[in-house]
Amino acid sequence: MQTFYVTTPIYYANSLPHLGHLYTMIVADAIARHKRQQGIETFFLTGTDEHGINIERAAKLNQRTPQEQADYVVSYYKQMTAAFGLDTEHGGYDIFMRTTNPFHYEGVSEFWRRVAKAKTPKGRDALYKGHYEGWFCAACAAYKTEDEYVKPANSDEPPTCLIHETKLDRVSEDSYFFTLSDFDQALLGLYEARPEFVQPDARRNEVRSFVRGGLQDLSVSRLKSSVSWGIPVPDDSDHTMYVWFEALTNYITAIGFGNEQQERAVGFEKFWPALHLVGKDILRFHAVYWPALLMAAGVRQPRAIVAHGMWVDPAGRKMSKTLGNTIELDVLNRHFSIDAIRYFCLREMVFGQDGRFGYENLIDRTNSDLASGLGNLSSRTLTMIQRYCEGRIPSGNISEEGLLPAKRAGVDTDETTISGFISHARDEFIHYFDNFGFSRALEEAWAIVARADKMISDAKPWNLAKDPAQQQTLHAVLYRAAETLRWLSVLLYPVMPNATGEISAQLGLTEDLSKLDPRQLRWAGLPDGTSIGEVKGLFPRLDKTKIMDEIKGSASTEDAGQPNNSPTVSERGNSPTMSEGVTTASAERVSSSAVSAGSGQHATEADAVLNKAGDGLIEITDFAKIDLRVGEVRSAERIPKADKLLLLTVDIGEEKPRQILAGIAQYYAPEQLVGRKIVVVANLKPRKLRGYESQGMLLAASVGEEGKPVIATFAEDVPNGARLK
C-alpha cells in the first residue's frame, strides 16, 4: 500500500498557540484527509519543541520548572486541537510529538553519533568542537549575522533582531559545530535535481540565493551551564544539543528512527520521507540545515519542504498585540463553526503568499459562500425533495414521452451536460489540491455550487410541481441537484468534514466519506428511492453587528484588566454542523423570512450607512451587507385606496415568488411591469404597508425635481436569483 507522511513544524513550548499554528495544522489535516480518501495510508505529525533557553526563561517567568512549563503549554495545545477537530479522536493528527518523549532522546542521540562519524563532501569532519562568540536571538533560536539585526545607536547596547524586534544575547563559549560550509554545492545540486524539493518557486529561489551567498558552520550545542534544559550530547555531558539540531530530528524519531519500539509502532522505513509544511520564517532551517544534516547522517531527503505565507490584518499590517489586530483562537472557537474557519483559511490565503484575516472577513465569507452558497443549495434541494417527492430521492430518468415537456420547461434533457461539467470541475479540484492550490480548488468546487443553483433557478421546480405532466422533469432536476450534493460532500470532505458528513447523512447515505475516493465518483451513483434524513441547516447567516459587538466587548473587558479566564479554549465540542436545530437562511427565505421595504425606506437605509461613515463614504464591508438579486415580475396589481402603491409578485429564484410593495403606481401601469427583470434588495426585514407585507425592495433611479422613479433593469438576459456584486 502507498504511504504518505505530512508534518507541521513542532511549536515552541514557551508560549501559547496562535492563528499561524492553527493554520498550518488545518492545511496538514486537510492534506492528510485528502490522501486517506485516496486509499493512501497516511501519517500526520504535529507537536511541540520543548527544549532550549526559551522554555527555561518562560518557566522562570511563570515560576515553573521547564517540564511544568512544557506540560502547561502542551495541555493548551491538546485542548485547542480537540476544540478545532484536529486531534486523533476527530480524525486529525496521528501523533502529537513531544521532544521530551524518551524515544526522541534515544533517536536524536543516534542521529548525533551518525553525524559525528561522517565526513563532509570536502572530506572534513562533519562535527567538530570549537569556540563560538556572537549574537543569539532566543526567540528565533538562532545565531544572527550582521545582516540579520539592527545595530544600536549606543554601542554599549545589544543589537535588535529584525524579526522579533527584541534585544540579542551575546554568547561566548565552547560549542560543537556542524561543518555546514562544506555542503553548499551538495545542496545546490539537490535543488537543481529536484525542483519540487522547495516550494513554491519564489521560496526555492530564496533558498538557492542564500546558499550561493556562502554558508557558515553551524553551532549545534550549548554548554550545560548555559542551557541545561536540553538533551545531553552523547559522550560529552557538559554540552546539550542546540535546539535546531535536536528539534528537526523529531520528524524521523517520531516514526521510529533510532528506537526499535517506535519503529515497530509506526515505521520509519514505512513512512519516511515526509512532506514538511512550514512558515516562510523558518524555511532556512528546514530547506538548508535539515537537508545538510540528513546528508551527513546518511538519511534520505524529505519528499518536499513547502512554505506558506503569513496572516496579516485586513489592512495588510503584521498582526501584533501592540496594534490590537491579532486573531484570538478562543474568539474563533466561540463565534464560528470549525468548518467555516477551515474553509476560510483554505479559501482566503493563496498558499505560499500572505493572506488577510479579519473577523469581519470571516463573517462575510461565511455568509456569502457557505450560508448563501453551499448551505442554500443543500437546504433548497432537500426541502423540495421532502415536499415534492415524499422525502425520497427521485429518479433522474426522463422517458421518451417526458422529453418534450422537459424541453418546453427549458430543462436540458441531456444530463451529461451537467455531469460533464461537474466531472471536469472535480478533476480540476483534485489537481489544484494536490499541488497546494487550495484556494483555486475551492473556486472550482463553488463553480459546481453556482451551476447547480442556476439549474434550479432556471427550471423553477416549484412551478413544475404544479403541472402533473412535468413530474419527470421535476424529478430529474431534483435528482441532478441531489447527485451534485453527493459529489460535493465527497470532494469537500477534507476541507469541511463535519458539514459534508451532515450533507451526506441528509441525503440518506451511510458511507464513510473519509474512505470515498473523489477520483472514483461516477454520475448517477445516488440510488433513487433512498429516504432522505432530517433536513437541517448547515450554515445560518451570521449577524455581523451582533458578533462584532460581542468580540469588541470581550476585547474591551480584557484591556480593562478583566481577562475572560484564558487560556482555556472553549470546549463547545466538535459539533457536526454549525447550527444544529437552526433553520437555514435559504429555508427561511423560501417560507416566511421574506424581507420588507417599501416607499419611504430608501433614504432611511442609505442615510444610516452614510452617517456611519461620517464623510459620505462606506466600507466595502458595508456594501457587502446588501443582498441584491435579479427578479422577474410575475404579476402586478393596484392596492385599493392606495394611489401610489403597486403589489408585485417577484421571482428571485426561490421556491415561491416574493410579495413586494412599491410606490410607483403613479408612473407605471401594472401591465407594464409583468415579465420585466428588476433588481431586488433581498435581505431587508419584513414591513407591513396597508395591511400587506412587503418582502423586499426594488431599486429605481430618482429623476428630475419630482423624483420620478425609473426602474433599474438589464440590457442582457440574466437568470432569476442571480446576485449583483
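Residues numbered from 1 in each chain as written. Predicted model: local features only at pLDDT ≥ 70, side-chain atom pairs only at ≥ 80, totals over all residues. Heavy atoms only, no water.

J.: Any chance you could explain the overall build of the protein chain here in plain terms?
T.: What the protein chain contains, in helices and strands, is 25 helices and 27 strands. Residues counted as buried form 56% of the 725 residues belonging to the protein chain. For the protein chain, long-range pairs separated by at least 24 residues make up 76% of all intrachain contacts whose partners lie at least 6 apart in sequence. Put simply, the protein chain shows about 31,400 Å² of open surface, and 48% of that area lies on carbon and sulfur atoms. (Helix = DSSP H or I, 4+ residues; strand = E, 2+ residues; numbered from the N terminus. Buried < 20%, exposed > 50% of the residue type's maximum accessible area, 1.4 Å probe, protein only. Contact = heavy atoms within 4.5 Å. Areas by Shrake-Rupley, 256 points an atom, 1.4 Å probe, with all protein chains shown as cover.)

J.: Looking at this structure, I do not really get helix 13 (residues 338-348). What am I missing?
T.: Two residues of an α-helix separated by three or four positions point the same way, owing to the 3.6 residues in each turn. Most of helix 13 sits out of view: ten of its eleven residues are buried. Here helix 13 has its buried residues at Ile-338, Asp-339, Ala-340, Ile-341, Arg-342, Tyr-343, Phe-344, Cys-345, Leu-346 and Arg-347.

J.: Can you walk me through empty space enclosed by the protein in this structure?
T.: Using a probe with the size of a water molecule, rolled over the atoms, empty space left in the structure can be pinpointed. Taken as a whole and judged by the stated rule, the model has three cavities of 30 Å³ or more. Of the voids in this model, the largest cavity is the one considered here, and its volume is about 130 Å³. Surrounding the largest cavity, 17 residues form its lining, Gly-52, Ile-53, Val-227, Tyr-242 and Val-243 being those nearest its centre. Broken down by secondary-structure element, the contributors of at least two residues to the lining of the largest cavity are helix 2 (53-61), strand 13 (236-241) and helix 7 (243-248). Of the residues contributing to the lining of the largest cavity, the split by class is ten nonpolar, five polar and two charged. (1 Å grid on protein atoms, 1.4 Å probe; cavity = no way out; pocket = protein on both sides within 12 Å on 5 of 7 lines; lining within 4 Å. Points joined across faces, edges and corners; volume = space filled by probe spheres on them. Nonpolar A, V, L, I, M, F, W, Y, C, P; charged D, E, K, R; others polar.)

J.: What is the right way to read the sheet that holds strand 1 (residues 3-12) from this model?
T.: Within a sheet, adjacent strands bond to each other through the backbone by hydrogen bonds, running parallel or antiparallel. Ordered by their spatial adjacency, six strands build an open sheet running 3-2-1-14-15-9, and the pairing between neighbours is parallel. Among the strands making up the open sheet, the edge pair consists of strand 3 (95-98) and strand 9 (198-199). Note: strand 2 (residues 41-49) against strand 3, four bridges, orientation parallel. Bridge pairing in strand 3 links Thr-46 to Phe-96. (Pairing = 2+ DSSP bridges.)

J.: Quick question: what am I supposed to make of the sheet that holds strand 11 (residues 221-223) here?
T.: What the three strands build is an open sheet, ordered 11-13-12; its pairing is antiparallel. The sheet is open, and its two edges are formed by strand 11 and strand 12 (232-233), each paired on a single side. With three bridges joining them, strand 11 and strand 13 adopt antiparallel strand pairing. Looking at the pairing, Ser-221 lines up with Met-241 of strand 13.

J.: Can you help me understand the pattern of salt bridges in this one?
T.: When their charged atoms lie close together, side chains carrying opposite charge are able to pair. For the structure shown, the criterion picks out 34 salt bridges. One salt bridge in this structure joins Lys-129 and Asp-236, with 3.1 Å as the shortest N-O distance. Remark: Asp-236 occurs in strand 13 and Lys-129 occurs in strand 4 (residues 127-137); sequence separation between them is 107 residues. Residue class for Asp-236 comes out buried when judged on its relative accessible area of 11%. The closest approach of N and O atoms between Asp-517 and Arg-519, which form a salt bridge, is 2.8 Å. What makes Arg-519 partly exposed here is its relative accessible area of 40%. Sharing partners across several salt bridges, the network here consists of Asp-29, Arg-33 and Arg-342. (Salt bridge = Lys/Arg side-chain N within 4 Å of Asp/Glu carboxyl O.)

J.: Can you help me understand the packing of aromatic side chains in this one?
T.: Any pair of aromatic rings gets described here by the distance separating the centres and the angle formed by the planes. Counted by the stated rule, this structure contains 31 aromatic pairs. Here Phe-285 and Tyr-289 contribute two aromatic rings whose centre-to-centre distance is 5.4 Å and whose plane-to-plane angle is 70°, an arrangement assigned as edge-to-face. With a gap of four residues between them, Phe-285 and Tyr-289 both fall in helix 11 (residues 283-297), about one helical turn apart. Of the two residues, Phe-285 and Tyr-289, both sit in the buried class. Look at Phe-433 and Phe-438: their rings are 5.0 Å apart centre to centre, the planes differ by 75°, and that puts the pair in the edge-to-face class. Take Phe-433 and Phe-438: they sit in the same class, and that class is buried. By way of ring pairs, the aromatic residues Tyr-5, Phe-43, Phe-111, Trp-112, Tyr-176, Phe-245, Tyr-251, Phe-257, Phe-268, Phe-271, Trp-272 and Trp-290 are connected into one cluster. Its end group placed over the ring of Phe-4, Lys-35 keeps NZ or CZ at 4.9 Å from the ring centre. Cation over ring: Arg-170 sits above Trp-135, and NZ or CZ is 4.9 Å from the ring centre. (Phe/Tyr/Trp six-rings, centres within 6.5 Å; stacked < 30°, edge-to-face > 60°. Lys NZ or Arg CZ within 6 Å of the ring centre and 35° of its normal.)

J.: Got a minute to help me understand helix 1 (residues 19-37) in this structure?
T.: When the terminal C-alpha atoms of helix 1 are compared, their 27 Å separation across 19 residues agrees well with the 27 Å that a helix rising 1.5 Å per residue should span. Burial analysis of helix 1 places 17 of its 19 residues in the buried class, the great majority of the element. Where helix 1 ends, the next residue or the one after it, Gly-39, has phi of about 80°, a positive value. (Expected span 1.5 Å × (residues − 1).)

J.: What's the story with the packing of helix 5 (residues 184-193) against helix 6 (residues 201-212) in this structure? I'm lost.
T.: Two measures define how a pair of helices packs: the angle their axes make with one another and the distance between the axes. Closest axis-to-axis distance for the helix 5/helix 6 pair is 10 Å, and the angle between their directions is 160°. When the interaxial angle is binned, helix 5 and helix 6 end up roughly antiparallel. Helix 6 is crossed by helix 5, and the crossing has left-handed handedness. Together, Asp-184, Leu-187, Leu-188, Tyr-191 and Glu-192 of helix 5 and Arg-204, Val-207, Arg-208, Val-211 and Arg-212 of helix 6 make up the contact between the two elements. Partitioned by chemical class, the residues of the contact of helix 5 with helix 6 number five nonpolar, no polar and five charged. (Axes fitted to C-alpha atoms, helices over the stretch in contact; angles between N-to-C directions. Parallel < 35°, antiparallel > 145°, perpendicular 65-115°, else oblique. Left-handed = near helix turned anticlockwise from the far one by under 90°.)

J.: Please clarify how the packing of helix 19 (residues 471-491) against helix 20 (residues 497-506) should be interpreted in this entry.
T.: At a closest axis distance of 9 Å, the pairing of helix 19 and helix 20 adopts a crossing angle of 150°. As judged from the angle between their axes, helix 19 and helix 20 are roughly antiparallel. Note that helix 19 runs across helix 20; the crossing there is left-handed. On helix 20, the residues touching Leu-485, Leu-488 and Ser-489 of helix 19 are Thr-500, Ile-503 and Ser-504. Considering only residue class, the contact of helix 19 with helix 20 consists of three nonpolar, three polar and no charged.

J.: Could you clarify how one ought to interpret the environment of Ser-226 in this entry?
T.: Among the secondary structure elements, Ser-226 is positioned in the loop between strand 11 and strand 12. Along the sequence, Ser-226 and Gly-52 sit 174 residues apart, while their C-alpha atoms lie 10.0 Å from each other. Look past the residues within four positions of Ser-226 in its chain and what remains in contact with it is Ile-53, Glu-56 and Glu-173. Within the structure, the side chain of Ser-226 is placed 2.6 Å from the side chain of Glu-173, a separation counted as a polar contact. (Polar contact = N/O pair within 3.5 Å; in protein donor to acceptor, adjacent residues only side chain to side chain.)

J.: Would you explain the side chain of Gln-37 in this entry?
T.: Within the secondary structure layout, Gln-37 lies in helix 1. Classification of Gln-37 as buried rests on a relative accessible area of 2%. Polar contacts involving the side chain of Gln-37 include one to the main-chain carbonyl oxygen of Leu-516, which spans 3.2 Å. Setting aside chain neighbours within four positions, we find Gln-37 in contact with Val-490, Tyr-493, Pro-494, Leu-513, Ser-514, Lys-515, Leu-516, Asp-517 and Pro-518.

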